[in-house]
Amino acid sequence: MTTAPAPSNRTSADRHRVRNLLLTAVTYLITLAFLFPLAWMILAAFKTEAQAFATPPVFFFTPIWDNFQRALPSYLPALSNSLIAAIGSTVIAFVLGLPAAFALAVYPTRRAQGVLSWMLSTKFMPAVGVIVPLFLLFRNLQLLDTLPGLILMYTTMNLPLVVWMMHSYMTEIPYAIYEAAKVDGASVSQEFFGIALPLSMPGISATALLCLIFAWNEVFFALNLTSADAAPLSVYIGEFKTSQGLFWAQLSAAATLVVLPVLIFGWIAQRQLVRGLSFGAVK
Amino acid sequence: MTTAPSVPVTATHAPPAPKRGIRLTPAALIWPAMLYLILTTQVPFFMTVYYSFFRYNLVDPSSRPFIGLANYQNLLTDPQNLRILLNTVVLAGGTLILTLVIGGALALLLNREFLGRALLRTLLISSFLVMPIVTAVIWKNMLLSPTSGFFAWVSQSLGLTPIDWLGQAPMLSVIMMITWEWTPFAALILLTGLQSLPDDQIEAARLDGASPWQEFQHIVLPHWMQAIQVVVLMETIALLQVYGEIYGSTSGGPGIATTNLPYFIYQKAFAEYNIGLASAAGVLTVIFTNILAVYLLKLISRRASSQGG
C-alpha cells in the first residue's frame, strides 16, 4: 500500500513521518525477536561449553571451531542420507508429477478438477493414518532403514505438491502456443518436451526447492522408518539431543549444520516459497 | 477420508480435447501419479482401517483375533484419551489463532514502504525453515530452561522468579514454540494477500472519508479472506500432525499434558506395539482432520461472503 497523497499541511506531514518511523521500528523489533532464537543458537555453536551455559549469558567471546569439528564425523553420513533421500524423492516426484500436471493443465477434461482436488486431499491424510501398515509392509519387504524406503515415502509427500504447483505454472502458458504447435502437427510428447517443459523452468526450480526443503526437514517417517543405516539429519539431531543433550555448544553446532543449508536456500527463494506454500492460491 | 473441501481453483482454459490419433494420451500421463498416490496413501489407509478391527500386538503376532469395534470403544471411553483429543485441539487451535493475529499484524506492518523491507521479509521466513526437532532443542535447552535458559535470565534481571516453562506450563510452552515456527508462514501468505489489493480501492475509500478501522473492516478484511482461508486450511492440516516438536521437547509430558494424537499413536505403535489400537486412533485422526478442515473452510467462506456483501 502506498502512503497517502502528500498532505498540504506541514504538521500533519511531520506527524505522519514520526508514525511511520515508529511503525518501522516496531517491525524491525518483531522481526529481530523472531530471529533471536536462531541467532542465539548459531552464536552458541562458536562458544565453549562453559560460555554456552553461563548465566548471565555471554554475548562477547572469541569464536571457536571445535564444536563443529566434533559434530562433523557423525554429521557427514546423515548429510549424505538426507541429500540422497531429498534429491531422489524430488526427482521421482517430478518424473511422475510433471506429465500429470501437463495433462491436467493442457487437456483439462471435466474430471480434471476432481483429480487435482483428490491429489491435494492426499495431503489431508495424516501420516499417522498410514504409518502402521507402512511399517509392517516395509518390515516384510526389507525396506525398513533403507534409503529406497525413505525415498518412497518422501515421494508420496512431494508428489501432490509437484502436480499442484506445476499445474498452476503450466496453465499460465498461453494456449495459443500449443495451438500453433498443433497446427504444425506436434504430438503430445512434442508439446510436453518442446513447449511445456522449457516454458515452466522457473516453476520447476521453485517447486524443486520446496520439495527439497520439505524432505530435508521431515521428521515423522524418518524417525519411524529408519534407525541407523539410512538415518537422515532429522534422526541425527534427534539422537544428538539424547546423547549430547547437556552439551549445548556442541548441540548448537550440530543443529546449525542441519539448519543452515535450508536457511540459505529458503532466503534465496523466499518469493517462490510463498507461492508454493499456498499452492499458488494467493499470488 | 478424502473428501476434498473446495480447494482454491486455478482457472484453466478449456480447449476441446483433441480427437486425432495420438500415441501418448493425456490419461496415460495422469495415471502414473494417481497410481503412486493410491498405492502409498489409500491402500495403507484401508489397511489401517482393517487392522483397527483386530486385537493385534507385535509382541504376540501369532494371535490376531477380530474384536470388531472394541479398539474404538476403548479409545472413546477412556477419559485419558479425551484429554489427548483436547490437547490436539488446544495445540492446533491456540497456535492457529496466535499465528493469524501476530502474522496478520506483521503483514500489515510489512505492507509499507520503508528501508530494509525486502531484507526483513526475506529473513522473516527463517523460523519456518527450521527442522521441528531443532526448534524443540533450541527452545527446550537454550530459551526455556529454568536454570540457564535465556528467558530465565530475562526474568531474573527483571527481579522475577524464573519459570520452569516446560514443567509448569507445558502446553503454553509448546504452543509458543510452534507459534514461533508458523507465524512467518501466516505473515508471508497474508502479506501476499494484502499486496494484491488494488491501491485505487483504498484511495477511493479514503476520499470517501473512511476511518482506518472502516477501511480495514470493509476493504482490507474481505479481500484478505482468501489468504486467511489458505493459512487456516494449510495450518490446520499441519498443526494437527505436529510431532517432531513434541518428540524433541516434552515427549508428550509431563504425564500426558502435551500428548497429542500423532504422538499418542507413535507411543501405542512403536513403544507398546499395540497395532490394533494405534490403527483405530489413526483412523479417528484421519476422520477428525478431514471433518475439521471441511468445517473450518465452510465457516470461513460463510463469514467471508456475509462480510464481502
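Just so we're clear, the structure is a prediction, and the values are computed from it rather than from any experiment.

In this section: the overall build of chain A. Each helix and strand in chain A was counted, giving 13 helices and zero strands. Mapped from its N terminus to its C terminus, chain A presents α and β elements in the order α-α-α-α-α-α-α-α-α-α-α-α-α. Taking 19 Å as the expected radius of gyration for a compact globule of 283 residues, we find that chain A reaches 24 Å, considerably beyond that expectation. Here the C-alpha coordinates of chain A stretch approximately 75 × 75 × 30 Å along the principal axes. Taking contacts inside chain A between residues at least 6 apart in sequence as the whole, the part at least 24 apart equals 74%. Roughly 11,900 Å² of accessible area belongs to chain A as shown, and the carbon and sulfur atoms make up 69% of that amount. Distance between charge centroids for chain A: 13 Å, based on 15 positive and 11 negative side chains.

Before going further, it helps to examine the overall build of chain B. Of regular secondary structure, chain B possesses 14 helices and zero strands. Mapped from its N terminus to its C terminus, chain B presents α and β elements in the order α-α-α-α-α-α-α-α-α-α-α-α-α-α. Residues classed as buried in chain B amount to 53% of the 309 residues present. Restricting to contacts in chain B with at least 6 residues of sequence separation, those with at least 24 account for 70%. Of the roughly 13,700 Å² of accessible surface on chain B, 65% is carried by carbon and sulfur atoms.

So, on to the packing of aromatic side chains. Residue and element names in this part refer to chain B. By the definition in use, this model includes 40 aromatic pairs over all chains. Judged by centre distance (6.4 Å) and plane angle (45°), the rings of F53 and F66 are tilted. Residue F53 is found in the loop between α1 (26–51) and α2 (70–77), and its partner F66 is found in the loop between α1 and α2; the two are separated by 13 residues along the sequence. Taking the relative accessible area as the measure of exposure, F53 reaches 25% and is therefore partly exposed. Centre to centre, the rings of F128 and F185 are 5.6 Å apart; their planes meet at 20°, and the pair counts as stacked. Within this pair, whereas F128 is found in helix α5 (residues 126–129), its partner F185 is found in helix α9 (residues 170–195), the two being separated by 57 residues in sequence. Overall, F128 belongs to the buried group, its relative accessible area being 14%.

On the chain A side, the residues contacting the 113 residues of chain B number 108 residues. Here chain B packs against chain A, burying approximately 10,000 Å² in sum over the two surfaces, 76% of which is carbon and sulfur. Seen at the junction of chain B and chain A, the total is zero salt bridges. For the pair chain B and chain A, the interface holds twelve residue pairs in polar contact (both at pLDDT 80 or more). Broken down by element, the side of chain B that touches chain A gets its largest block of residues, 17 residues, from α1(B). The residue makeup of the side of chain B that touches chain A, split by class, is 73 nonpolar, 33 polar and seven charged.

Quick look at helix α3 (residues 79–110) of chain B now. Its 32 residues place the ends of α3(B) 46 Å apart at the C-alpha level, agreeing with the 46 Å of an ideal helix rising 1.5 Å per residue. One side-chain oxygen at the N-terminal end of α3(B) lies 3.0 Å from the backbone nitrogen of Q80(B); it belongs to D78(B).

Taking 1.5 Å of rise per residue, the 41 residues of helix α3 (residues 66–106) of chain A would be expected to cover 60 Å, and the 56 Å separating its terminal C-alpha atoms lies within 8% of that figure. Along α3(A), the sharpest change in direction is near 50° and occurs at L72(A); proline P73(A) comes one to four residues later.

In this section: the environment of M225(B). All names here are of chain B. Tracing the sequence through the fold places M225 in helix α11 (residues 212–239). On the accessibility criterion, M225 (11% relative accessible area) is buried. Residues M225 and I178, 47 residues apart in the sequence, show an inter-C-alpha distance of 23 Å.

So, about the pattern of salt bridges. All chains considered together, the criterion is met by five salt bridges over all chains. Across the pair D14(A) and R17(A) runs a salt bridge, and its minimum N-O distance is 3.9 Å. Of the two residues, D14(A) and R17(A) both sit in helix α1 (residues 10–45), three residues apart, roughly one turn of that helix. Residue classification places D14(A) among the partly exposed residues on the basis of a relative accessible area of 32%. Among the salt bridges present, the one from E113(B) reaches R117(B), with a minimum N-O distance of 3.9 Å. With relative accessibility at 16%, the residue R117(B) sits in the buried group.

On to the packing of α3(A) against helix α6 (residues 147–170) of chain A, then. Relative orientation and spacing of two packed helices are given, respectively, by the angle between their axes and the distance between those axes. Residue and element names in this part refer to chain A. Close contact between α3 and α6 brings their axes to 6 Å; oriented N to C, the two are set at 40°. Here the hand of the crossing between α3 and α6 comes out right-handed. Of the residues belonging to the contact of α3 with α6, the class tally is 21 nonpolar, eight polar and no charged.

What follows is about the side chain of S249(B). Turning to its location among the elements, S249(B) is positioned in helix α12 (residues 244–249). Non-local contacts of S249(B), meaning those with residues more than four positions away in its chain, are made with A136(B), K140(B), V174(B) and M177(B).

Residues and elements named next belong to chain B. Relative orientation of the contacting elements α9 and α11 amounts to 150°, with a least axis distance of 9 Å. Accordingly, the angle class assigned to the pair α9 and α11 is roughly antiparallel. Here α9 runs over α11; the crossing is right-handed. Residues I178, W182, F185, A186, I189, L190, G193 and L194 of α9 lie in contact with α11, whose contacting residues are V220, H223, W224, A227, I228, V230, V231, M234, E235, A238 and L239. Residue classes in the contact of α9 with α11 are distributed as 16 nonpolar, two polar and one charged.

Residues and elements named next belong to chain A. Counting through the fold element by element, P160 comes out in helix α6. Classification of P160 as buried rests on a relative accessible area of 0%. Separated by 63 residues in the primary sequence, P160 and G97 have C-alpha atoms spaced 7.6 Å apart.

Our focus in this paragraph is the confidence of the model for chain A. Segments scoring low in pLDDT should not have their predicted coordinates read at a detailed level. This prediction gives chain A a mean pLDDT of 85; 93% of its residues lie at or above 70. Taken element by element, chain A is modelled with least confidence in helix α13 (residues 270–277) of chain A, mean pLDDT 77, and with most confidence in α3(A), mean pLDDT 92.

Rules used throughout
Residues numbered from 1 in each chain as written. Chains lettered and ligands numbered in written order. Predicted model: local features only at pLDDT ≥ 70, side-chain atom pairs only at ≥ 80, totals over all residues. Heavy atoms only, no water. Helix = DSSP H or I, 4+ residues; strand = E, 2+ residues; numbered from the N terminus. Rg over C-alpha atoms; globule rule 2.2 N^0.38 Å. Contact = heavy atoms within 4.5 Å. Areas by Shrake-Rupley, 256 points an atom, 1.4 Å probe, with all protein chains shown as cover. Lys, Arg positive; Asp, Glu negative; His and termini not counted. Charge placed at Lys NZ, Arg CZ, Asp CG, Glu CD. Buried < 20%, exposed > 50% of the residue type's maximum accessible area, 1.4 Å probe, protein only. Phe/Tyr/Trp six-rings, centres within 6.5 Å; stacked < 30°, edge-to-face > 60°. Buried area = accessible area lost by both parts, 1.4 Å probe. Salt bridge = Lys/Arg side-chain N within 4 Å of Asp/Glu carboxyl O. Polar contact = N/O pair within 3.5 Å; in protein donor to acceptor, adjacent residues only side chain to side chain. Nonpolar A, V, L, I, M, F, W, Y, C, P; charged D, E, K, R; others polar. Expected span 1.5 Å × (residues − 1). Bend = angle between axes of the 7 residues up to and from the residue. Axes fitted to C-alpha atoms, helices over the stretch in contact; angles between N-to-C directions. Left-handed = near helix turned anticlockwise from the far one by under 90°. Parallel < 35°, antiparallel > 145°, perpendicular 65-115°, else oblique. pLDDT = per-residue confidence, 0-100.

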